[in-house]
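# Tertiary structure, described
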Amino acid sequence: MKLFRYFVTSIVLVGLFLSNTGAFGQQELTSEQRQALFLTSFFKYSEWPNEANIAEYQLGVLGDEGNQVYNELIKITDTLIVKDKKIKVNKLSGTEAISNVQLLFLDKSTDIKLESIKNKLAGQPTLFVTRGYPFGQSMINFIVSGDQVHYEISEKQCEEAGIKINFALTMASVKSEKQWEKLITRIEDLTESNEETVEVNTKELAKIVSEQKRLLSEISANTKKLEDQKEKLKAQQDEIVGKEAMIANAKREINEQQQLISSQLAKIEVQEQNLANLNTHVMAKQQELAEQQRTLELEKEKLLAIQQEYADIEVKLKEKERLVNEQGKTIEDQVGEIFNKSNKIKEQESIIWLSVIFLIVVSILGALAFRSYRLKKKANETILSQKSQLEQQHKVLEEQHREITDSINYAKRIQTAILPPLKLVRGYMPDSFILYKPKDIVAGDFYWMEGVNNLIIFAAADCTGHGVPGAMVSVVCNNAINRAVKEFMLVKPNEILDKTREIVMETFEKSDEDVNDGMDIALCSINTESKKLHFSGANNGMYLIRNGELTEIKPDKQPIGNYRDHKPFTLHEHDLQKGDVIYTFSDGYPDQFGGPKGKKFMYKNFKELLLEIHQKPMDEQHHLLVKAFEDWKGGIEQIDDVCVIGVRI
């Protein structure tokens, strides 16, 4: 009976590996062929930690006197493919040749010490298989009896090397040292009784072999299912890791963008302060120059008056000189009358002295005029110098203005990057339009869109303020909506708004200052299969036009942000029909001033305009809305950001 069990076990073991390799068909196998089949099958039923990086399995052979096992391995591996990899067999001359092998086979015919090989393999993921050694000395150990081959497995040693062994191998292995010793004793007994014969019921044996094959087939199928499940779990794990990496990258990019915007805002504040100081300085300089010009004008008027007076005196002196000349001639003609006219001569001498005095006065006035001329020249030089300084300061102001504009334009690029691209919008909603007109370069309004399974979720949002401050708040609110949908897996509009408000308040509570900024938003989700519309709004509602009738779905009168009496947002549900048109919007369009009297456009006119154009193609609607807005605005400045989204079902 013992010999029968021994024979059946041998058949089961050979059947196990022949079913996987088919290398020798139905022929009787030698012990070397059996060992070679076992060795190649170990690759199929084992898993190495670096499996993904292995291009070709390496099998090293030490010992093997006569190369009998080695030769059989060469035959088997010539066309054998295991897990999409070939097996390369290498005959090694000694321990120094052991390098980067997945399986090392050693028989006791060599004089190499077992410990030296273990030391060489320490820390390497190598399956160490021996033949003829005592129990537990290697990971897998063969014992050969004639053409029969048995083996024992040390699962502990395999685990320490990081190698996983399939249960199909452990099932057919010798489980304990006691069994191993009994097996050796039995082999010795069989060797001593060469003449002993054993009768075996071949029908019973065929049934057992058939049953074993059936069990092996089930085991193989279950193993395949486990491997498939393992691959699916690994793929899901890889997908989760990928998503986590994407979320981490997105968070990091948002943090970097927030830091960049904060830095740019700080720089803008400094530049604005410098610009204000420079404007103040320029205005003071301009006032000083105006005062100096007024002084110079007064001095110029005085100099002109002095010059006019000097000209009058010069005319009088010339007249006097003419008179003196005439009187000199008269004196020459009237020498005899000198004594009679002495009084007259004295009077003329007095006039001459008076003329001299006038000449002295005129000289003094000329000196004063020359001094005024020098002062005027110096003042002109000062004015030219100050003009040069003003021109230089003007250049500095232009450079600072250019830097501020460049910074805001870069902020616009950042804000544009968080908006859904037109290709994505057309992919989710082919028959739609988005009218987006920021008041300044960057905006507080933004639009948002995401697809989740059979749901299309989109929103028109209006953050506190416009320009750079509004853009900062829009980045925070956009990030909060993304987290609510992608991180917290929310798809109902009211739950998304509740979670968004929670995230926004947490973000602003981190500041030492009391931040009351927030967002008004109209958020919709459309189920493309059930044609269901779900809506929730924070201060911003939506319009549904069906068969020429407009239905207004009102929002909750509370913002996303710090609000004293906040409550959960309301969920509105509507069945949709083909041809329905949905509009969501911010308050920028109806609040725009314009028209003949410079008044607001108003929601009433906005509704009438939508009813008038809703049956037209969506691109044409976009064009008509833009034209109506520009015509109404006219020459008046745009007062707020504008965002309108239209979708036809």
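Residues numbered from 1 in each chain as written. Predicted model: local features only at pLDDT ≥ 70, side-chain atom pairs only at ≥ 80, totals over all residues. Heavy atoms only, no water.

## Describing the sheet that holds strand 19 (residues 581-585)
Spatially, 5 strands are ordered 10-22-19-15-16 in an open sheet, and the strand pairing comes out antiparallel. The two strands at the open ends of the sheet, each matched to only one other strand, are strand 10 (432-437) and strand 16 (549-553). On average, each strand axis in the sheet is tilted by 15° relative to the strand beside it, whichever way the strands run. Direction of pairing for strand 10 relative to strand 22 (residues 642-648): antiparallel, over a ladder of 6 bridges. Residue pairing for strand 22: Ile434 is matched across the bridge by Ile645. In the packing of helix 13 (residues 603-613) onto the sheet, contacts are made with strand 15 (542-546), strand 16, strand 19 and strand 22, and the angle to strand 15 comes to roughly 35°. On top of the sheet, helix 14 (residues 618-633) reaches strand 10, strand 19 and strand 22; it is set at about 25° to strand 10, its chief contact. (Pairing = 2+ DSSP bridges. Helix = DSSP H or I, 4+ residues; strand = E, 2+ residues; numbered from the N terminus. Axes fitted to C-alpha atoms, helices over the stretch in contact; angles between N-to-C directions. Contact = heavy atoms within 4.5 Å.)

## With respect to the packing of aromatic side chains
Under the criterion given, the structure shown has 19 aromatic pairs. A ring pair is formed by Phe105 and Phe142, whose centres lie 6.2 Å apart and whose planes are at 55°; its orientation type is tilted. In this pair, Phe105 is assigned in strand 5 (residues 103-107) and Phe142 in strand 7 (residues 140-145), connecting sequence segments 37 residues apart. For the pair shown, Phe105 and Phe142 are each scored as buried. Three or more aromatic residues joined by ring pairs make a cluster, and in this case those are Tyr543, Phe585, Tyr589, Phe601, Tyr603, Phe606, Phe629 and Trp632. Positioned above the aromatic ring of Phe488 is the side chain of Lys499, whose terminal nitrogen or guanidinium carbon lies 4.3 Å from the ring centre. (Phe/Tyr/Trp six-rings, centres within 6.5 Å; stacked < 30°, edge-to-face > 60°. Buried < 20%, exposed > 50% of the residue type's maximum accessible area, 1.4 Å probe, protein only. Lys NZ or Arg CZ within 6 Å of the ring centre and 35° of its normal.)

## Things to note about helix 13
Structural remark: α-helix, 3.6 residues per turn; residues separated by three or four positions point the same way. Buried within helix 13 are the following residues: Phe606, Leu609, Leu610 and Ile613. Burial along helix 13 is one-sided: seen end-on, the buried residues are contained in an arc of 100°. Those residues of helix 13 that are exposed and angled more than 90 degrees off the buried face are Lys604 and Glu612. On its buried side, helix 13 packs onto strand 15, strand 19, helix 14 and strand 22. (Arc of directions from axis to C-beta.)

## Observations concerning the pattern of salt bridges
Oppositely charged side chains may form a pair once their charged atoms are brought near each other. Considering all chains together, one arrives at 23 salt bridges under this definition. Of the charged contacts in the structure, one is a salt bridge between Arg131 and Asp107, with a shortest N-O distance of 2.4 Å. Here Asp107 lies in strand 5 and Arg131 lies in strand 6 (residues 127-131), a separation of 24 residues in the sequence. In this pair, the class of Arg131 matches that of Asp107, namely buried. Lys439 is the partner of Glu637 in a salt bridge, and the nearest nitrogen-oxygen pair spans 3.2 Å. Separated by 198 residues along the polypeptide, Glu637 in the loop between helix 14 and strand 22 and Lys439 in the loop between strand 10 and strand 11 (445-452) bring together distant segments of the chain. Here Lys439 falls in the partly exposed class, since its relative accessible area comes to 21%. When salt bridges with common partners are traced through the structure, they connect Lys251, Arg483 and Glu487 into a single cluster. (Salt bridge = Lys/Arg side-chain N within 4 Å of Asp/Glu carboxyl O.)

## Examining the packing of helix 13 against helix 14
Taken N-terminus to C-terminus, the directions of helix 13 and helix 14 make an angle of 145°; their axes are 11 Å apart at the nearest point. Crossing handedness for the pair helix 13 and helix 14: right-handed. For the pair formed by helix 13 and helix 14, the contact residues are Phe606, Leu609, Leu610 and Ile613 on the first element and Gln621, Leu624, Leu625 and Ala628 on the second. Among the residues making up the contact of helix 13 with helix 14, the classes are represented as 7 nonpolar, 1 polar and no charged. (Left-handed = near helix turned anticlockwise from the far one by under 90°. Nonpolar A, V, L, I, M, F, W, Y, C, P; charged D, E, K, R; others polar.)

## Here's the deal with the packing of helix 11 (residues 467-487) against helix 12 (residues 493-509)
Geometry of a packed helix pair, given as the angle between the helix axes and the separation of the axes. It is at 8 Å that the axes of helix 11 and helix 12 come closest, and there the two elements cross at 130°. One element, helix 11, and the other, helix 12, form an angle in the oblique class. Like other packed secondary-structure pairs, helix 11 and helix 12 cross with a definite hand, here right-handed. On the side of helix 11, the interface is formed by Val473, Val476, Cys477, Ala480, Ile481, Arg483, Ala484 and Val485, while helix 12 contributes Ile496, Lys499, Thr500, Ile503, Val504, Thr507 and Phe508. In terms of residue class, the contact of helix 11 with helix 12 is built from 11 nonpolar, 2 polar and 2 charged. (Parallel < 35°, antiparallel > 145°, perpendicular 65-115°, else oblique.)

## A look at unusual backbone geometry
Backbone geometry places Asn100, a non-glycine residue, at a positive phi of 55°. Relative to the helices and strands, Asn100 resides in the loop between strand 4 (85-91) and strand 5. For Met489, which is not glycine, the phi torsion reads 55° and is therefore positive. Residue placement: Met489 occurs in the loop between helix 11 and helix 12.

## Some points on the side chain of Asn478
As for its position among the elements, Asn478 is in helix 11. Setting aside residues no more than four positions away along its own chain, Asn478 makes contact with Ile418, Phe446 and Trp448.

## Here's the deal with the sheet that holds strand 2 (residues 57-62)
Working definition: the strands of a sheet are paired by backbone hydrogen bonds and lie parallel or antiparallel to each other. A sheet is described by the order of its strands in space; here 7 strands give the open sequence 3-4-2-5-6-7-8, paired in mixed fashion. Edge positions in the sheet fall to strand 3 (81-82) and strand 8 (148-153), since each has one partner strand and no second. Inspection of the sheet shows strand 2 paired to strand 4 by 5 bridges, in the parallel sense. What sits directly across from Gly60, in strand 4, is Asn90.

## Observations concerning the pairing of strand 2
Within strand 2, 6 of the 6 residues are buried, which leaves the element mostly enclosed by the surrounding structure. Judged by which residues are buried, strand 2 turns out to be covered on both faces: Tyr57, Leu59 and Val61 on one side and Gln58, Gly60 and Leu62 on the other are all buried. The pairing of strand 2 with strand 5 spans 4 bridges and is classified as parallel. Looking across to strand 5, one finds that Leu62 is bridged to Leu106.

## Focus: the nonpolar core
Counting residues in each nonpolar core, the largest one holds 50 residues, and the members touching the most others are Leu39, Phe42 and Leu127. No other element matches helix 2 (residues 31-44), which puts 6 residues into this core. In terms of nonpolar packing, the next biggest core, distinct from the first, is built from 47 residues, Trp448, Ile481, Ile582 and Ile645 among them. (Core = buried A, V, L, I, M, F, W, Y, C linked by side-chain atoms within 4.5 Å.)

## What to know about the environment of Leu424
Along the chain, the position of Leu424 falls in helix 10 (residues 422-428). The sequence separation of Leu424 and Glu450 amounts to 26 residues, and the corresponding C-alpha distance is 8.9 Å.

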